[in-house]
Amino acid sequence: PRKVRGFTLIELLVVIAIIAVLVSLLLPAVQQAREAARRTQCRNNFKQVGLALHNYHDTSQTLPPGWIGVTSGQPDVSGINGWSWSSRLLPQIDQTPLYNTIDFNSQVAAASNLKPRTTVVTVFRCPSDVGPQTWTIPAAGTSTPLAMIATASYSGVFGKDEVELCNGLVPGAPCLSNGLFFLNSRIRFADVTDGLSTTLMVGERITRESAGWFYTWTGVIAGGDDAIVRIVGDTDVTPNRDLIRMDEFASYHTGGAHFVLGDGAVRFISSTIDLGVYRNMSS
């Protein structure tokens, strides 16, 4: 009878080693392809947000306010109703039924607003953000749960000034900035005298669950921890450059973050951009 020769142990180990090398080369390529797809979807989300802002401006002759806050007829950073710029865009992104469920006469955290404030709007979330879709914001300076909110990845550009300047202001004190979105703002495109194509409107934020870095499309939760930072951001440092404060813009994409500019164009702003230029673009 003819003898049949099988694999030796060394040959088997060589084959396994070759397969392992091929898999190790393939996995990063697959991950990069998936991230490229997520990045493209994120960019498309920004295009929808930019178009919605322009449609809103065409209808109202102004951009939506950064957030509404009024107490007894006076500006108040945590006054009624707290709903943000992005909540005003819901009809422009095919979310009219959700918009109609909002009780704008009550605070965001009111029981009557439980359903809308916990509804996830995918247009406001970057697919690369793997954080939870809802999160419970604690009361300021404590760990006491205050209200559950839907999370988001995009925030309005407050400008050069620190968002924290708005914290602790007494009712009647306006929280103004040089960006497009701040307390009770009503900025028109005609007010942007240095050009819409060089002015940032909305940018990306990065979720950090361990540090409580969560952002929302809903609005300012009165009495909530860092409530204002969760809907607007400033330009103290360039994107992805110094991830130690939650009021900066950053993303899960390597090297920078997406922004939509005043003319509706979407740009990927690199972390190596000159800080002076970057800050001027936010005002």
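Residues numbered from 1 in each chain as written. Predicted model: local features only at pLDDT ≥ 70, side-chain atom pairs only at ≥ 80, totals over all residues. Heavy atoms only, no water.

1. Quick word on the overall build of the chain
The helix and strand tally for the chain stands at 4 helices and 11 strands. The proportion of buried residues among the 283 residues of the chain is 46%. Looking at the chain alone, contacts between residues at least 24 apart form 65% of all its contacts between residues at least 6 apart. Carbon and sulfur atoms form 58% of the exposed surface of the chain, whose accessible area is close to 13400 Å². Computed over 22 positive and 23 negative side-chain charges, the separation of the two mean positions in the chain equals 12 Å. (Helix = DSSP H or I, 4+ residues; strand = E, 2+ residues; numbered from the N terminus. Buried < 20%, exposed > 50% of the residue type's maximum accessible area, 1.4 Å probe, protein only. Contact = heavy atoms within 4.5 Å. Areas by Shrake-Rupley, 256 points an atom, 1.4 Å probe, with all protein chains shown as cover. Lys, Arg positive; Asp, Glu negative; His and termini not counted. Charge placed at Lys NZ, Arg CZ, Asp CG, Glu CD.)

2. Topic: the sheet that holds strand 3 (residues 80–84)
The strand order across the open sheet formed by 3 strands is 2-1-3, and the pairing between neighbours is antiparallel. For this open sheet the edge positions go to strand 2 (74–75) and strand 3, each flanked by a neighbour on one side alone. Where strand 1 (residues 67–71) and strand 2 come together, 2 bridges link them in antiparallel fashion. Across the sheet, the residue bridging to V70 is P75, located in strand 2. (Pairing = 2+ DSSP bridges.)

3. Side note on a nonpolar patch on the surface
There is a patch of nonpolar side chains on the surface, built from I10, V14, I18, V21, L22 and L25 and spanning about 600 Å² of accessible area. For V21, the position within the fold is in helix 1 (residues 9–60). (Patch = residues over 30% accessible without salt bridge, like charges linked within 9 Å, V, L, I, M, F, W, Y side chains within 5 Å. Salt bridge = Lys/Arg side-chain N within 4 Å of Asp/Glu carboxyl O.)

4. Regarding the sheet that holds strand 11 (residues 266–270)
If you trace the 5 strands from one edge of the open sheet to the other, you get 9-6-7-10-11, paired in mixed fashion. Looking at strand neighbours, the two that pair on one side only are strand 9 (232–234) and strand 11, the edges of this open sheet. Averaged over all pairs of adjacent strands, the angle between strand axes in this sheet comes to 40°, irrespective of strand direction. (Axes fitted to C-alpha atoms, helices over the stretch in contact; angles between N-to-C directions.)

5. Notes on the layout of surface pockets
Estimated volume of the largest pocket: approximately 170 Å³. Forming the walls of the largest pocket are 15 residues, and the residues nearest its centre are N167, G223, G224, A227 and I228. Class assignment of the residues belonging to the lining of the largest pocket gives a composition of 8 nonpolar, 5 polar and 2 charged. (1 Å grid on protein atoms, 1.4 Å probe; cavity = no way out; pocket = protein on both sides within 12 Å on 5 of 7 lines; lining within 4 Å. Points joined across faces, edges and corners; volume = space filled by probe spheres on them. Nonpolar A, V, L, I, M, F, W, Y, C, P; charged D, E, K, R; others polar.)

6. Comments concerning the state of the cysteines
All told, the structure shown has 1 disulfide when counted by the stated rule. Residue C166 pairs covalently with C175 via a disulfide, S to S 1.5 Å. For the residue pair C166 and C175, the accessibility class agrees, reading buried in each case. Between C42, a cysteine without a disulfide, and C126, which holds the nearest cysteine sulfur, the sulfur-to-sulfur distance is 3.1 Å. Residue classification places C126 among the buried positions, given a relative accessible area of 3%. (Disulfide = S-S within 2.5 Å.)

7. Some thoughts on unusual backbone geometry
Here the bond from I80 into N81 is cis, since omega is 10°, no more than 30 degrees from zero. Note that N81 resides in strand 3. The backbone phi angle of Q61 is positive, close to 65°, even though this residue is not glycine. Topologically, Q61 is positioned in the loop between helix 1 and strand 1. Of note, the phi angle at S72 is positive, near 50°, even though the residue is not glycine. Along the chain, the position of S72 falls in the loop between strand 1 and strand 2.

8. Points about the environment of G50
Checked against the element boundaries, G50 lands in helix 1. C-alpha separation for the pair G50 and D263, spaced 213 residues apart in sequence, amounts to 8.0 Å.

9. Overview of the pairing of strand 1
Looking at chain direction, strand 1 and strand 3 are connected through 3 bridges and run antiparallel. Bridge pairing in strand 3 places V70 opposite I80. Between strand 1 and strand 2, which pair antiparallel in sequence order, lie 2 residues; one of them, S72, sits at a positive phi of approximately 50°.

10. Comments concerning the packing of aromatic side chains
Following the criterion strictly, the structure yields 10 aromatic pairs and no others. Their ring planes at 40° and their centres at 6.2 Å tell us that W83 and W217 sit as a pair that is tilted. In this pair, W83 sits in strand 3 while W217 sits in the loop between strand 8 (215–216) and strand 9, placing the two residues 134 residues apart along the sequence. You can call W83 buried: its relative accessible area is 0%. Ring geometry for W135 and F214: centres 4.7 Å apart, planes at 20°, overall stacked. Highlighted residues: W135 in strand 4 (residues 134–138) and F214 in the loop between strand 7 (200–204) and strand 8, separated in sequence by 79 residues. Here W135 falls in the buried class, since its relative accessible area comes to 16%. Its relative accessible area of 1% is what places F214 among the buried residues. (Phe/Tyr/Trp six-rings, centres within 6.5 Å; stacked < 30°, edge-to-face > 60°.)

Fair warning: the whole summary comes from geometry, so function is off the table for now.
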